[in-house]
Amino acid sequence: MVSSQEQVQDVRQSIVELPGTFQYTCFHLEYNGARINDFVELSEVPDLKADSEIVLVEDPYTEKEARMHIVRTRELVGAAGDRVDNLHGINAGLSLHDAVSAGAETEDEKEHPLSKYDLSAASDLQTILPQPETPLPKTVKSISLSAWNPPPYHLRQKGHLLYLQTTTNEGEQFQITAHVSGFYVNKCSNARFDPFPKAGSKNYSAHSLLTLISQLSPSFNSAFEALQESNNKKDLLTTFPFQNAIPNNPWLVPATSSNINAHQSDITRSQESYLISGVDNAETLRDWNEEFQTTRELPRESVQDRVFRERLTSKLFADYNEAAARGAILVAKGEVAPLNPTESRDAQIFVYNNIFYSFGADGVGTFASEGGDEAARVAVGKDVLGIKAVNQLDIPGLFTPGTVVVDYLGKRIVGQSIVPGIFKQREPGEHQIDYGGVEGKEVVATHPDFVSVFEKLSKALRIKKHPVWDKEGKRHDLEGSVETKGLLGTDGRKYVLDLYRIAPLDIVWQEEEGSETYPHRMSTLRIELVESYWRSKMSQYVREEVERRRQAKAEAPASTEASADAAEFKEEAEGEKKVEEEKKAEEEKKAEEEKKAEEAQDQERVDISGFNLALNPDVCSGQIPQTDEEKAQWAQDEKEVRDACDYLRSKIMPDLIQDLHDGDVGFPMDGQSLSQLLHKRGINIRYLGKLAQLSQEKGSRLQALTTLAVQEMIARAFKHVTNQYLRNLPAPFASSCVAHLLNCLLGTDVNAGPRPEIDESLRAIYPEGDFSFEKVTPASLRAEVEKQVTLRYRFTLEAEWYNSLRHLQLLRDVSIKLGLQLGSRGFAFDKSQLPAKEAVPSATNGNGSNDEGNKKKKKKGGNAPSPSRAPVEEKPPVTFAADDIVNIAPLVKDASPRSALAEEALEAGRISLMQNQKQLGQELILESLSLHEQIYGILHPEVAKLYHQLSMLYYQIDEKDAAVELARKAVIVTERTLGVDSADTILSYLNLSLFEHAVGNTKMALVYVKHAMNLWKIIYGANHPDSITTMNNAAVMLQHLKQYADSRKWFEASLTVCEDLFGKQSINTATILFQLAQALALDQDSKGAVGKMRDAYNIFLNQLGPEDRNTKEAETWLEQLTQNAVSIAKHAKDIQARRMRRINMNSRVSLGTKPQPQVGQSAPEVAVATEGGANPSSLDSRSIDELLKFIEGGDTSSPRSKQKKRAATSNPKLRGSKKTSSKA
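Residues numbered from 1 in each chain as written. Predicted model: local features only at pLDDT ≥ 70, side-chain atom pairs only at ≥ 80, totals over all residues. Heavy atoms only, no water.

J.: Account for the packing of helix 27 (residues 941–956) against helix 29 (residues 983–998), with residues named and values stated.
T.: Packed helix pairs are characterised by how far apart their axes lie and by the angle those axes make with each other. Where helix 27 contacts helix 29, the axes come no closer than 11 Å and their chain directions differ by 25°. What the angle tells us is that helix 27 and helix 29 run roughly parallel. For helix 27 against helix 29, the interelement crossing comes out left-handed. Residue-level contacts link His948, Ser951, Met952 and Tyr955 of helix 27 to Leu987, Ser988, Asn991, Leu994, Phe995 and Ala998 of helix 29. (Axes fitted to C-alpha atoms, helices over the stretch in contact; angles between N-to-C directions. Helix = DSSP H or I, 4+ residues; strand = E, 2+ residues; numbered from the N terminus. Parallel < 35°, antiparallel > 145°, perpendicular 65-115°, else oblique. Left-handed = near helix turned anticlockwise from the far one by under 90°. Contact = heavy atoms within 4.5 Å.)

Shown next, in the form of structure tokens:
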């Protein structure tokens, strides 16, 4: 059953993938005997009605179709083997979800998953490694191309396409001819060529190779069914191939000696590139630039047009990013011949697969005055971000080249699609560039055709139209920076190039002390900051306008609040309306209601056409104004840019620090999440040092942020140092170099003077290689790291910083930044962790008294003994050997835009939910989900993000089952695209655990909590600020299982972290004390319960005063617990016989579970109208009676589940603000 809206192409794809028909790959569809075109919609097929039958007709093969059929068959029968791939590293796109959830089934029924869990134990690296799996059933021994290929000329005339050789499980070998009519067994042998059909049984031929093999091998069908069954046991998402994204390469992989990634013999592996792309490889050559630009020119009027256009754009960018990254690796390895071999290495350019490559280094002196190679490296990185921003704006008539930056083995390589005319020799007197600076800023070109498109671009990016002067002092008015260039391609299209200066320079940073030693002069502000500054200025303008109007109309006082963001609201509403108009007709009613609301607001509406703020990107970059008027204007421009720089320092950074200090937003967990958080807020990475200083000044509560910021600076400094040594080092020595540098940074406790492992005989054949890494000692490396941190971040590391490193966390951050894949084993970071000659006592890695407690400790020995070094007496031990660096994967930065259509639908759905239009909101959200999946494909970080957000939305509107399903998808897609141990993966697991608990699968929920806690130990260490919420959630889940003693342990652990972080007298601590008192009462410890409740009461009393709701509730509980301290010890009957007044209260402290907020955001802020009008900050509203019944094992489920719904649905913040509840 298919809908008439489906494309015939999609129906074909479904036929190829469905289990009943996947043997067909070469066919067409017919209706009423007439062939249906593959590229139309079903609705366009003449006379096609509901319930019509379409017939599948097998087509004759071509050579290409036959090759594709063989590749597909190999995949289906599980004979495709393991592919070794330049771009995708070992275990790329790994997901551990199935293994983690399978762990729940093996749990002992009597025990819960968290029993015997040690919160302070060292991290176990097995957590992030794939588990050994039982081998899949083998269906055939091999399918490969025969040695008789290709068919001779006279047999090609007869329709012979290819010759194959298949060995069945029974050990029989068959030679098969791929013919235009299908596949048949021929009479060839290894020595005799006779490719004609074998006489005898008619079972020797079939249209599909799959059918033929099933006829030849008696055991094939049963083995094939077993293979299908074992594949079906896995979640489809875990095995689904990547289409629109590059999979994540894990930094830790099984050791080479383990069986998990054992290399298999497979002759066809080397034949695959021929099978996929033909003899001359021409089928995969594409004109990338033409494809990009024609896609951009597709119509975008209707929703269908936009879906088709964005879907194509997403696929094209993904294909290009992959092709460009593959080519960049070959360029880095020296496999591609340069177009200008006589130039120096850095100035060489390359063309491969229709992509133009150059190095991100200053080979020809363009950036000599800006900082040379460093400036060039930064410029290409910023260029990609600029192109991404322009792609996102999608301005009609303005085109960008496809661009990718790849960091690999210390080199930065830029891959761009070839713009027609960029290499054209111009006439004398003609400029190579049509708009902007031609060679540096000496010569400036202008062109009337570019003004209109550049004007749109500048308006969107808040860039001011401004004059620049060439070397002769002649004035040119430009719409963009002088560095941004316009080129009129020979195809007549207007291209914009060099977008690294679309925001102004950070003048204040460049004038500060230390700027003369800063590696380059390319430090610009971020686009996010410019946007944030623009919004703040606009709100200020709106407020002033409203104030002015009020004074003018003093007689009509109107409400203040709605107006401050009225203009923003108006802009957003327009975006939403577009989508909503394009949606169904039922939304007309909604538009009517909106109109009324708008009319009511009209008196407060402010016209913002008078507001104009744009920044000049060329101030302080060597421009010399000529007249006094120009000088005055230039001084004004400079003042505006300085104001934006001050806004970053005086508003944005302190606000971020305050938000993290108050616990209002999710806390970063590692270097990646910290960087993303800074970028989102518009803060450049160079401000890490300032951030570390600000967080140090805030005191112990932000200790975690200081630690992360310092660790990130060290990791980045180490990355720069390592890249410097790798840049001109021959590839075979890369692993020796990296292992030696890691030993100097992290292995000095094991060996204070490590020596690099170098194969001298190999070195002799590279006389020009740069082997300077050999001379590095721990002391010299530390000095270099300190120097880089001082230069780049203007921060001074503490005197003995290297003694307080968190080894495992720093190793992970460094590996991710350099693309390292390490073979797992028990890395010893100090002598106590070295494998002893005899049996290793298990307590060696007990409680280290080092500064960071157990955070820096690593698992002891692990399950895999060190494979890479046999115990040779004379070799001193080192932490890392060259063999531990199993692979170095490329890091890819791309310019793919996000889908505007899918985001508009999501935003419209959110707003409908906020306006309590539940049905419309859900429809729009489902529409957005469908658009995301259509446009990005399933495996994509944007889709993972959406699954995560939607699961939260569904949880809040009480659709718990849908929430669980989406959260599970979010976990798998996040693992495969962002990494099995990324901060997002932890959040996804924590939310999945919450939703599983909500639908009653508490044991499964605890399995996920345990996995998330184990991941946390690896990426951050113990006691992350956000783990308070997780521990509380775990404690509540344990109470649900009536595991009161264990639940109490988790509350106590949460209290310890909270006291450390917020101090013993904070409201957050009181909140947890309150919960702990209830937990103690449940655990029959009434005396302890009274003590903890008294502590909570005293803190509430001191902090909030006697009249506060929390204080009153704590007081009432305290009275009741004190009165009942004796009664609780009596029999249940006595308690039930007593009649106590029921106390129903709403306070802030909840025994319910809470969702985990995302890094840098407050907990999900979706205002959903609550049913039953529950208090937004509702606390445990059970009466003492109910709690006592709970203690005695009476009926407890309904009050708790009601309460939990209330806590979840009605609490839009879910993470207390300064005056309210806890960070818990």
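Still to come is the rest of the account.
J.: Please set out the packing of helix 19 (residues 688–697) against helix 20 (residues 703–726) residue by residue, giving values where relevant.
T.: Contact pair helix 19 / helix 20: the axes reach a minimum separation of 8 Å and the direction vectors enclose 155°. Accordingly, the angle class assigned to the pair helix 19 and helix 20 is roughly antiparallel. For the pair helix 19 and helix 20, the crossing hand works out as left-handed. For the pair helix 19 and helix 20, the contacting residues are Leu688, Gly689, Ala692, Ser695 and Gln696 in the first and Leu705, Thr706, Ala709, Val710, Glu712, Met713 and Arg716 in the second. Of the residues in the contact of helix 19 with helix 20, the class split is six nonpolar, four polar and two charged. (Nonpolar A, V, L, I, M, F, W, Y, C, P; charged D, E, K, R; others polar.)

J.: Residues and numbers for helix 14 (residues 527–552), please.
T.: The periodicity of an α-helix, 3.6 residues per turn, causes residues three or four positions apart to be oriented the same way. The terminal C-alpha atoms of helix 14, which comprises 26 residues, lie 37 Å apart, in line with the 38 Å expected from a rise of 1.5 Å per residue. Considered for burial, the residues of helix 14 that qualify are Leu529, Val530, Tyr533, Trp534, Met538, Ser539, Tyr541, Val542, Glu545, Val546 and Arg550. (Expected span 1.5 Å × (residues − 1). Buried < 20%, exposed > 50% of the residue type's maximum accessible area, 1.4 Å probe, protein only.)

J.: Mind laying out the nonpolar core, listing which residues take part and the relevant values?
T.: Core analysis: the largest hydrophobic core is formed by 212 residues, its most contacted members being Leu742, Leu746, Leu781, Leu811, Leu950 and Trp1050. In terms of residues, this core owes the most to one element, helix 20, which gives 13 residues. Phe22, Ala206, Leu216 and Leu227 belong to the second largest nonpolar core, which has 30 residues in total. (Core = buried A, V, L, I, M, F, W, Y, C linked by side-chain atoms within 4.5 Å.)

J.: Any details on the packing of aromatic side chains? Residues and values, ideally.
T.: Counted under the stated rule, the structure contains 30 aromatic pairs. Here a set of aromatic residues connected by ring pairs shows up, and it is made of Trp288, Phe292, Phe317 and Tyr320. For Arg12, the ring lying beneath its charged end belongs to Phe27, and the centroid distance is 4.3 Å. The ring of Tyr802 has Arg782 lying over it, and the distance from NZ or CZ to the ring centre is 3.7 Å. (Phe/Tyr/Trp six-rings, centres within 6.5 Å; stacked < 30°, edge-to-face > 60°. Lys NZ or Arg CZ within 6 Å of the ring centre and 35° of its normal.)

J.: I'd like to hear about the sheet that holds strand 20 (residues 820–823), residue by residue, with values.
T.: Strands sit in the order 9-20-21 across an open sheet of three strands; the sheet is mixed. The open sheet has two edge strands with one neighbour each: strand 9 (252–253) and strand 21 (885–888). Bridge analysis of strand 9 against strand 20 gives two bridges, and the strand direction is parallel. Paired with Val253 across the two strands is Gly823, which belongs to strand 20. Those strands touched by helix 21 (residues 734–746) are strand 20 and strand 21, and its axis lies near 115° from that of strand 21. (Pairing = 2+ DSSP bridges.)

J.: Tell me what's going on with helix 1 (residues 8–17), and back it up with residues and numbers.
T.: For helix 1, the complete set of buried residues consists of Val8, Val11, Arg12, Ile15 and Val16. Looking straight down helix 1, one finds its buried side chains confined to an arc of 140°; they lie on one side. For helix 1, the secondary structure elements touched by its buried residues are strand 1 (27–31), strand 3 (55–58) and helix 2 (63–76). (Arc of directions from axis to C-beta.)

J.: Please give an account of the sheet that holds strand 7 (residues 182–185) that cites residues and values.
T.: Backbone hydrogen bonds are what pair the strands of a sheet, in a parallel or an antiparallel way. Taken together, the five strands give an open sheet; going across it, the order is 4-5-6-7-8, and neighbouring strands pair in antiparallel fashion. The sheet is open, and its two borders are formed by strand 4 (140–145) and strand 8 (205–206), each paired with just one other strand. Sheet strands in contact with helix 2 are strand 4, strand 5 (160–168), strand 6 (173–179) and strand 7, and its direction is about 15° off that of strand 5.

J.: Lay out the pairing of strand 12 (residues 403–408) with the relevant residues and their values.
T.: A large share of strand 12 lies buried, amounting to six of its six residues. Residues Thr403, Val405 and Asp407 line one face of strand 12 and the alternating positions Val404, Val406 and Tyr408 line the opposite face, and both faces are buried. With six bridges joining them, strand 12 and strand 13 (residues 411–417) adopt antiparallel strand pairing. Residue pairing across strands places Thr403 opposite Gln416, the latter belonging to strand 13. Between strand 12 and strand 13, which pair antiparallel in sequence order, lie two residues; one of them, Leu409, sits at a positive phi of approximately 50°.

J.: Run through unusual backbone geometry, naming residues and quoting values.
T.: Cis rather than trans, the peptide bond between Asn149 and Pro150 has omega equal to -15°. Along the chain, Pro150 turns up in the loop between strand 4 and helix 4 (153–156). A positive phi angle, near 65°, is found at Lys116, a position not held by glycine. Although it is not a glycine, Asn1023 adopts a positive phi angle of roughly 60°. In this fold, Asn1023 is placed in the loop between helix 30 (1002–1019) and helix 31 (1027–1040).

J.: Describe the pattern of salt bridges, naming the residues involved and giving the relevant values.
T.: Considering all chains together, one arrives at 62 salt bridges under this definition. Taking the shortest distance from any N to any O, the salt bridge between Asp319 and Arg286 comes out at 3.1 Å. Separated by 33 residues along the polypeptide, Asp319 in helix 10 (residues 303–332) and Arg286 in the loop between helix 8 (272–277) and helix 9 (288–296) bring together distant segments of the chain. Residue classification places Arg286 among the partly exposed positions, given a relative accessible area of 24%. One salt-bridge network, in which partners are shared between bridges, spans Arg286, Glu291, Lys315 and Asp319. (Salt bridge = Lys/Arg side-chain N within 4 Å of Asp/Glu carboxyl O.)

J.: Would you mind going over the state of the cysteines in detail, with residue names and values included?
T.: The final tally for this structure, using the stated rule, is zero disulfides. Here Cys620 is not disulfide-linked; the sulfur of Cys645 is the nearest cysteine sulfur, at 8.9 Å. Free of any disulfide, Cys744 has its nearest neighbouring cysteine sulfur in Cys737, separated by 9.9 Å. (Disulfide = S-S within 2.5 Å.)

J.: Explain the confidence of the model for the protein to me, using residue names and the numbers behind them.
T.: When pLDDT drops low, the exact placement of atoms in the prediction is not to be read closely. In this model, the protein carries a mean pLDDT of 83, and residues with pLDDT of at least 70 account for 84%. Low pLDDT, under 50, characterises residues 557–603; the stretch is placed with 58 contacts to residues that sit more than four places away or in other chains. (pLDDT = per-residue confidence, 0-100.)

J.: Which residues make up the side chain of Asn1014, and what values go with them?
T.: In this structure, Asn1014 sits in helix 30. The class for Asn1014 is buried, based on a relative accessible area of 18%. Beyond its immediate stretch of four places on either side in the chain, Asn1014 contacts Tyr117 and Thr127.

J.: Which residues make up the environment of Ile685, and what values do they have?
T.: The residue Ile685 is located in the loop between helix 18 (671–680) and helix 19 in this model. The spatial distance from the C-alpha of Ile685 to the C-alpha of Ala709 is 9.9 Å, given a sequence separation of 24 residues.

J.: Account for the environment of Val738, with residues named and values stated.
T.: Here Val738 lies in helix 21. A relative accessible area of 1% places Val738 in the buried class. In this structure the C-alpha to C-alpha distance between Val738 and Leu820, which are 82 residues apart in sequence, comes to 8.9 Å. Among all residues touching Val738, those that are not within four sequence positions of it are Thr722, Leu726, Leu820, Ile885 and Ile888.

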